[in-house]
Amino acid sequence: MGGVTSQAEQLKIEADYRSKLEGLHGQLSSVMDRLHQIEDQKKDFLGRLGIEELLPGNARRKAVAADGRGGPFKAVPVWSMSSSDLSRELELTAQHIQTFEQTLAKTHAQWQRDAERVGKLPTTLPLETDFAITSGFGVRADPMTHVPSMHEGIDFVAPQGTPVRATAAGRVMRSGRAGAYGEMVEVMHVDGFLSRYAHLNRRHVNEGERIERGQVIGLLGNTGRSTGPHLHYEVVYQGQAMHPTKAFAVWARSNLQP
């Protein structure tokens, strides 16, 4: 009878360990799901800017325990495992959970910092209404002389008087007539970014004024060297005019954490 009792107790101990182990695996799965949710939120945020592929290391990251996996949980029978083996399994699983919890906290904090920084850059559109783009960034045939020339901005066509909005918070460095640009507003942002809004019909901000993201800084017009109502929009990063997405990409390589 003693042997039967000992075996029954052993089975009870193993069943208890398996129950605890299954609970720990459930916690581990929950932590990994939360990590994936943070990554999905980050990609979705950048995706709305059209630059989801710019996340450093997104396509070439090393495989880690939190890589995509799934399926229902089906515990492997551990009848042949000793109590000491089961105890070690529980200990290792608990350590994994602690590691993932720390990773989760670190990832969440880093993402919050990254999102806050990105939110201060000129990454939105200057128009909220429907528009057409007649000239992109790069070499084009000049609309007046038809000679190849470098166009250092993007031309947004919309009805005259359409509100033009700041693409990020900053300080107005210039607001006035600027030669071929016509009526122009220039805004300095963080990290060496500057945005220009040209050919305006009217300006609604003054030099030195602090403005917020999305604030109306003027109305779309046809002033300066222009063939019709449109907004000429430029982004300058570290003193060089760039396509807005390229400027963000250059900034992201050295500022966003992988």
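Residues numbered from 1 in each chain as written. Predicted model: local features only at pLDDT ≥ 70, side-chain atom pairs only at ≥ 80, totals over all residues. Heavy atoms only, no water.

Draft legend 1. Spotlight on the overall build of the protein chain. The helix and strand tally for the protein chain stands at 3 helices and 12 strands. Put simply, the protein chain has 258 residues, and 35% of those count as buried. Summarising the internal contacts of the protein chain: among those between residues at least 6 apart in sequence, 66% fall at separations of at least 24. In the form shown here, the protein chain has an accessible surface area of approximately 14,900 Å², with 51% of it arising from carbon and sulfur atoms. (Helix = DSSP H or I, 4+ residues; strand = E, 2+ residues; numbered from the N terminus. Buried < 20%, exposed > 50% of the residue type's maximum accessible area, 1.4 Å probe, protein only. Contact = heavy atoms within 4.5 Å. Areas by Shrake-Rupley, 256 points an atom, 1.4 Å probe, with all protein chains shown as cover.)

Draft legend 2. Seen up close, the pairing of strand E8 (residues 193–203). Strand direction decides the pairing type here: strand E7 (residues 183–188) and E8, joined by 5 bridges, are antiparallel. Following the sheet pairing, Val-185 is matched in E8 by Tyr-197. Of the strand pairs in this sheet, E8 and strand E11 (residues 231–237) are connected by 6 bridges, and their pairing is antiparallel. Across the sheet, the residue bridging to Ser-195 is Val-235, located in E11. The pairing of E8 with strand E10 (residues 216–220) spans 3 bridges and is classified as antiparallel. (Pairing = 2+ DSSP bridges.)

Draft legend 3. Molecular detail of the confidence of the model for the protein chain. Confidence along the protein chain averages 76 in pLDDT terms, with 69% of residues attaining 70 or more. Of the regions scoring below 50 in pLDDT, residues 50–80 engages in 37 contacts with residues more than four places distant in sequence or in other chains. (pLDDT = per-residue confidence, 0-100.)

Draft legend 4. A look at a nonpolar patch on the surface. A surface patch of nonpolar side chains, about 270 Å² in accessible area, is lined by Leu-125, Phe-131 and Ile-133. With respect to the helices and strands, Phe-131 occurs in the loop between helix H2 (83–118) and strand E1 (132–135). (Patch = residues over 30% accessible without salt bridge, like charges linked within 9 Å, V, L, I, M, F, W, Y side chains within 5 Å. Salt bridge = Lys/Arg side-chain N within 4 Å of Asp/Glu carboxyl O.)

Draft legend 5. Expanded view of the pairing of E10. Burial analysis of E10 places 4 of its 5 residues in the buried class, which makes it a mostly covered element. Taken together, the 3 bridges between strand E5 (residues 163–165) and E10 define a ladder with antiparallel strand orientation. Its bridge partner lying in E10, Arg-165 is registered against Val-216.

Draft legend 6. Just the pattern of salt bridges, in detail. All told, the structure shown has 5 salt bridges when counted by the stated rule. Where Arg-165 meets Glu-128, a salt bridge forms, and the shortest distance between an N and an O atom there is 3.3 Å. Highlighted residues: Arg-165 in strand E5 and Glu-128 in the loop between H2 and E1, separated in sequence by 37 residues. On the basis of relative accessibility, which here comes to 22%, the residue Arg-165 falls in the partly exposed class. Salt bridges here are not isolated pairs; linked through shared partners, they connect Arg-177, Glu-183 and Arg-203.

Draft legend 7. Summary view of the nonpolar core. In this structure, Val-164, Val-185, Tyr-197, Ile-217, Leu-231 and Trp-251 are the most contacted members of the largest nonpolar core, which totals 28 residues. Those elements giving two or more residues to this core turn out to be strand E4 (154–157), E7, E8, E10, E11 and helix H3 (244–255). Setting aside anything within four residues of it in sequence, one finds Val-164 in contact with Pro-126, Leu-127, Tyr-197, Leu-200, Gln-215, Val-216, Ile-217, Gly-218, Leu-219, Leu-220 and Leu-231. (Core = buried A, V, L, I, M, F, W, Y, C linked by side-chain atoms within 4.5 Å.)

Draft legend 8. Structural context of unusual backbone geometry. Even without being glycine, His-146 reaches a positive phi, approximately 65 degrees. Mapped onto the secondary structure, His-146 falls in the loop between strand E2 (138–141) and strand E3 (148–151). Its identity is not glycine, yet Asp-191 carries a phi of approximately 55 degrees, on the positive side. Residue placement: Asp-191 occurs in the loop between E7 and E8.

Draft legend 9. View of the side chain of Ser-195. Looking at the element boundaries, Ser-195 is found in strand E8. When its relative accessible area of 0% is taken as the criterion, Ser-195 is described as buried. A polar contact of 2.8 Å, which involves the side chain of Ser-195, links it to the side chain of Tyr-197. For Ser-195, the residues in contact, after removing those within four places along its chain, are Thr-167, Val-185, Glu-186, Val-187, His-189, Tyr-233 and Glu-234. (Polar contact = N/O pair within 3.5 Å; in protein donor to acceptor, adjacent residues only side chain to side chain.)

Draft legend 10. Geometry of the environment of Gly-214. Tracing the backbone through its elements, the reader meets Gly-214 in the loop between strand E9 (210–211) and E10. In this structure, the C-alpha to C-alpha distance between Gly-214 and Val-164, residues 50 residues apart in sequence, is 8.7 Å. Beyond its immediate sequence surroundings of up to four residues, Gly-214 is in contact with Arg-165 and Ala-166.

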